[in-house]
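What follows is the residue order along each chain.
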Amino acid sequence: MAATAAARGTASSLLLSPRRSRGGATASSSSFRAAAPRFRSPRCVLESEQLRVVDGGKRMGGVEPRGAVWTPKAPAPEARLAALPRDTRDSRMKIFSGTANLPLSQEIAAYLGVDLGKILIKRFADGEIYVQLQESVRGCDVFLVQSTCSPVNENLMELFVMIDACRRASARSITAVIPYFGYARADRKAQGREAITAKLAANLLTEAGCDRVIVCDIHSTQALGYFDIPVDHIYGQPVILDYLASKTISEDLVVVSPDVGGVVRARAFAKKLFDAPLAIVDKRRQGHNMSEVMHLIGDVKGKVAIMVDDMIDTAGTITSAAALLKQEGAEAVYACCTHAVFRFDSWLY
C-alpha cells in the first residue's frame, strides 16, 4: 500500500491553504484525529487486502470492495469553484502548472477556488523549452506547480524558464511549488570528489528569480538550509494517517524504518499512530540503487508492520525489508511513502 501523489508515477501529496484577509480559518492537519473529516483530494488505489483500524473494539471506517478508489469526503473541485462567488476570489493570486503534473495543479486550483493560469509551454525541434504566459501577472503573487520527477533535468529546466518568464512579466512574488524535489538525495559528500547537487539546484532556483519554495517530504531536512530564500516544508504524513484511520487493522502494530536514516520520520509516524512501537532495519548500501538488508532491530513477530519511507526508487530496499519482516514472523507488511517512481497495483506480502 502506498499513498502517493506526484507526476508520471511520482507520488506527492500537497495541501495549500489560501490567504484570507476577511476572516476565516483554515483547518490544521498537523494532528492525527482518527475520525475527523478532511477537505482534501488525495486518492489511493487499493488492489490488495483492505486495512481498517480498530479502537477499543469498534470499527472506525467502512470496508470498500477490493479495487475501490478511496477518496476523503469533500465537495467536488468543480462544485467548490462554482459555489465561490467570483468577486471574492483573490485576483492577485495566480497558479500556473508545468507539464510534470497538470492534474495535481488542477486539483490545487479548484481547492483554492481559483482558475488555473493560462500558459504556453512547448519544445522546439532541438529540445529547447519555450514558455509564454498568456495572461498578465503584473503585481500578482504567482505560484508555479512543477514536480521535478522523471525526466528530472527537463522538468527542472522548465521550472527555471517559467520563473524567468514570471520575473520578466513583473510578478510581485514567485513561489515554486515542488512536490518532489529532484537531486535532494545528493545533499552531502559521501565520498571524495562528489558534487552536492541539492545545493546547486537550490542556487539555480534563487538565481532564476524565485522568492519562495514549497517542498513536500524532502529527502533530508538538512537540504532546506541550502536555500538562501524562505522554504516551506510540508508533509504527506497526515494523508497517510487519515487513510489508516479509515481502515481496520489489528491494534498490535509496529512501525518500521527501512533504514537508519529514516528513524526520525518513523518515530514521528509511530507517535501519531496510537504510539506504536518502533523497529529498524539495518541496511548496507553497496552502490547507487543497490542495497542489502542485514539485520532487524526490534520485535515484529505476530504484528502488523507498517514501513514508512520518503520515496521509493527501485523498491529494492522495501522489497528486501518486507521479506526480512515476513521471515521474522510479521503477520502482514504494508509500505507507506510519499514519493514513488511507479504505482503499486498490488503488494506481494
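Keep in mind that this is a model prediction, so the values were computed, not measured.

Notes on the pairing of strand S9 (residues 173-178)
Next, step 1: Along S9, six of the six residues are buried, which leaves the element largely enclosed by surrounding structure.
Next, step 2: Taking every second residue as pointing to the same face, both faces of S9 are buried, with Ser-173, Thr-175 and Val-177 on one and Ile-174, Ala-176 and Ile-178 on the other.
Next, step 3: When strand S8 (residues 141-145) meets S9, the two strands line up parallel, connected through five bridges. Pairing of Val-142 across the sheet is with Ile-174, part of S9.
Next, step 4: With four bridges joining them, S9 and strand S10 (residues 212-216) adopt parallel strand pairing. Its bridge partner being in S10, Ile-178 is matched across the sheet by Val-215.

Details of a negative patch on the surface
Next, step 1: Taken together, Glu-251, Asp-252, Asp-299 and Glu-331 make up a surface patch of like negative charges.
Next, step 2: Exposure remark for Glu-251: the relative accessible area of 55% places this residue in the exposed category.

Structural notes on the pairing of S10
Next, step 1: Counting buried positions along S10 gives four out of five residues, so the element sits mostly inside the fold.
Next, step 2: One ladder, built from four bridges, connects S10 with strand S11 (residues 231-234); its direction is parallel. When the sheet's bridge partners are listed, Cys-216 is paired in S11 with Ile-234.

Focus on the packing of aromatic side chains
Next, step 1: All told, the structure shown has two aromatic pairs when counted by the stated rule.
Next, step 2: The ring centre of Tyr-130 lies 5.2 Å from the NZ or CZ of Lys-122, which sits over that ring.

As for the pattern of salt bridges
Next, step 1: Following the criterion strictly, the structure yields eight salt bridges and no others.
Next, step 2: Between Asp-141 and Arg-172 there is a salt bridge; the shortest N-O distance is 2.6 Å. Here Asp-141 is found in strand S8, whereas its partner Arg-172 is found in the loop between helix H3 (152-168) and S9, with 31 residues between them in sequence.
Next, step 3: By relative accessible area, which is 44% here, Arg-172 ends up partly exposed.
Next, step 4: Two residues, Arg-212 and Asp-232, come together in a salt bridge whose shortest N-O distance is 3.2 Å. Here the residue Arg-212 occupies a position in strand S10, and Asp-232 occupies one in strand S11, the gap between them amounting to 20 residues.

Thoughts on the nonpolar core
Next, step 1: Judged by nonpolar contacts, the single largest core of 35 residues is most densely connected at Leu-144, Ile-163, Ile-178, Phe-181, Leu-205 and Val-213.
Next, step 2: Looking at this core, the elements that each hand over two or more residues are strand S6 (119-123), strand S7 (129-133), S8, H3, S9, helix H4 (197-208) and S10.
Next, step 3: Ranked by residue count, the leading element in this core is H3, at seven residues.
Next, step 4: In this view, Leu-205 contacts Leu-159, Phe-160, Ile-163, Ile-178, Phe-181, Cys-210, Val-213 and Phe-227; residues no more than four positions away in its chain are not counted.
Next, step 5: The next biggest cluster of nonpolar side chains, apart from the first, holds 19 residues, and it includes Ala-279, Val-281, Met-307 and Ala-335.

Details of the state of the cysteines
Next, step 1: For the coordinates displayed, the defined rule picks out zero disulfides.
Next, step 2: Unpaired in this structure, Cys-337 has its nearest cysteine sulfur neighbour in Cys-336, at a distance of 8.0 Å.

Structural notes on the environment of Cys-140
Next, step 1: Tracing the chain through its elements places Cys-140 in the loop between S7 and S8.
Next, step 2: Taking the C-alpha atoms as reference points, Cys-140 and Arg-92, 48 residues apart in sequence, are found 4.5 Å from one another.
Next, step 3: When near neighbours in sequence (up to four residues on either side) are disregarded, Cys-140 contacts Ser-91, Arg-92, Lys-94, Ala-171, Arg-172 and Ser-173.

Structural notes on the packing of H3 against H4
Next, step 1: Two elements in contact, H3 and H4, have axes whose closest approach is 9 Å; the angle formed by their N-to-C orientations is 25°. In this view, H3 runs roughly parallel relative to H4, as classed from their interaxial angle. Along its contact with H3, which presents Leu-159, Phe-160, Ile-163, Asp-164 and Arg-167, the element H4 presents Leu-204, Leu-205 and Ala-208.

Section: the sheet that holds S11
Next, step 1: Across the sheet, which stays open at both edges, the five strands sit in the order S5-S8-S9-S10-S11 with parallel pairing between neighbours. Both outer strands of the open sheet, strand S5 (93-97) and S11, are each paired with one neighbouring strand and no more. Going across the sheet, the axis of each strand differs from the next one's by a mean of 20°, ignoring polarity.
Next, step 2: With five bridges joining them, S5 and S8 adopt parallel strand pairing. Opposite Met-93, over in S8, you have Asp-141 as the bridge partner.
Next, step 3: Along the sheet face, helix H2 (residues 102-112) touches S5 and S8 and points at about 160° away from the line of S5.

Thresholds applied
Residues numbered from 1 in each chain as written. Predicted model: local features only at pLDDT ≥ 70, side-chain atom pairs only at ≥ 80, totals over all residues. Heavy atoms only, no water. Buried < 20%, exposed > 50% of the residue type's maximum accessible area, 1.4 Å probe, protein only. Helix = DSSP H or I, 4+ residues; strand = E, 2+ residues; numbered from the N terminus. Pairing = 2+ DSSP bridges. Patch = residues over 30% accessible without salt bridge, like charges linked within 9 Å, V, L, I, M, F, W, Y side chains within 5 Å. Areas by Shrake-Rupley, 256 points an atom, 1.4 Å probe, with all protein chains shown as cover. Salt bridge = Lys/Arg side-chain N within 4 Å of Asp/Glu carboxyl O. Lys, Arg positive; Asp, Glu negative; His and termini not counted. Charge placed at Lys NZ, Arg CZ, Asp CG, Glu CD. Phe/Tyr/Trp six-rings, centres within 6.5 Å; stacked < 30°, edge-to-face > 60°. Lys NZ or Arg CZ within 6 Å of the ring centre and 35° of its normal. Core = buried A, V, L, I, M, F, W, Y, C linked by side-chain atoms within 4.5 Å. Contact = heavy atoms within 4.5 Å. Disulfide = S-S within 2.5 Å. Axes fitted to C-alpha atoms, helices over the stretch in contact; angles between N-to-C directions. Parallel < 35°, antiparallel > 145°, perpendicular 65-115°, else oblique.

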